[in-house]
Amino acid sequence: RAKPGDPTLMKLYDDLKKVVELTEDLKKTQEEKKASEVNVGDRCEAVWSEDGKWYTARIDAKDPESKHFSVTFLVYGNAGQVAPENIRPYRHARKSQVRVGMEVRAYYETDGLFYPATVETITSGGLYRVAFRGYNYKVEL
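Residues numbered from 1 in each chain as written. Predicted model: local features only at pLDDT ≥ 70, side-chain atom pairs only at ≥ 80, totals over all residues. Heavy atoms only, no water.

Peer 1: Describe the nonpolar core, with residues and values.
Peer 2: Membership of the largest hydrophobic core comes to 13 residues, with the highest contact counts inside it found for Ala46, Ile59, Val71, Phe73 and Ile87. Mapped onto this core, the elements with two or more residues apiece are strand E1 (43–48), strand E2 (53–62) and strand E3 (69–73). Aside from chain neighbours lying at most four places away, what touches Ile59 is Val38, Asn39, Val40, Gly41, Asp42, Cys44, Phe69, Ser70, Val71 and Ile87. Judged by nonpolar contacts, the second largest core, of twelve residues, contains Leu74, Ala106, Tyr128 and Val130. (Core = buried A, V, L, I, M, F, W, Y, C linked by side-chain atoms within 4.5 Å. Buried < 20%, exposed > 50% of the residue type's maximum accessible area, 1.4 Å probe, protein only. Helix = DSSP H or I, 4+ residues; strand = E, 2+ residues; numbered from the N terminus. Contact = heavy atoms within 4.5 Å.)

Quick look at the structure:
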């Protein structure tokens, strides 16, 4: 049974503290790398502060001092400030994953926002005909 001050336990404790520090450093580096991969004007994914979920957004500005981003969330048009750890590059869906009948968020060119839609057909040219839910509007993307 180990006793207080046991050299083996003390060494284990010091090693564990180092692992925690290294893990925190790695996490911070990864967050900084993700944030450095996006630029003003880019589409990205950002966390909406109201619900903590990731949404598609556009980067409108970056504060050089705080490193926070000003973004517009493209699903509802809301704007917000986002910390670097809450932003990441946009990930496109793989075409091989899209199926007829799939529920998606489709881009509406007129206002630049995304809306719920259903994939109706996939054309021979590789475009998707989608129907926007709640609207009498269809488009090929």
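Peer 1: Outline the pairing of strand E4 (residues 79–82), supporting the account with residue identities and numerical values.
Peer 2: Successive residues of a regular strand alternate their side chains across the two faces of the sheet. Alignment of E3 against E4, held across four bridges, turns out to be antiparallel. Counterpart to Thr72 in the pairing with E4 is Ala79. (Pairing = 2+ DSSP bridges.)

Peer 1: Got a sec to walk through the pattern of salt bridges? Specific residues and values, please.
Peer 2: Under the counting rule described, the total for this entry stands at six salt bridges. A salt bridge links Glu120 to Lys138; the nearest nitrogen and oxygen atoms lie 3.3 Å apart. Here Glu120 is found in strand E7 (residues 113–122), whereas its partner Lys138 is found in strand E9 (residues 138–140), with 18 residues between them in sequence. One connected set of salt bridges, linked through shared partners, spans Glu45, Arg88 and Arg91. (Salt bridge = Lys/Arg side-chain N within 4 Å of Asp/Glu carboxyl O.)

Peer 1: An account of the environment of Trp54 is requested, with residue identities and associated values reported.
Peer 2: In this fold, Trp54 is placed in strand E2. Spatially, the C-alpha atom of Trp54 lies 48 Å from that of Lys3, the residues being 51 residues apart in sequence. Setting aside chain neighbours within four positions, we find Trp54 in contact with Glu45, Ala46, Val47, Glu85, Asn86, Ile87 and Arg88.

Peer 1: Can you explain the sheet that holds E2? Please cite residues and give values.
Peer 2: Sheet architecture is open: five strands sit in the order E4-E3-E2-E1-E5, paired in antiparallel fashion. Two strands lie at the open edges of the sheet, namely E4 and strand E5 (87–89), each paired on one side alone. Each neighbouring strand pair of the sheet contributes to a mean axis angle of 45 degrees, computed without reference to strand direction. Here E2 pairs with E3 via five bridges, running antiparallel. Residue Ile59 lies in a different strand from E3, and its bridge partner there is Val71. (Axes fitted to C-alpha atoms, helices over the stretch in contact; angles between N-to-C directions.)

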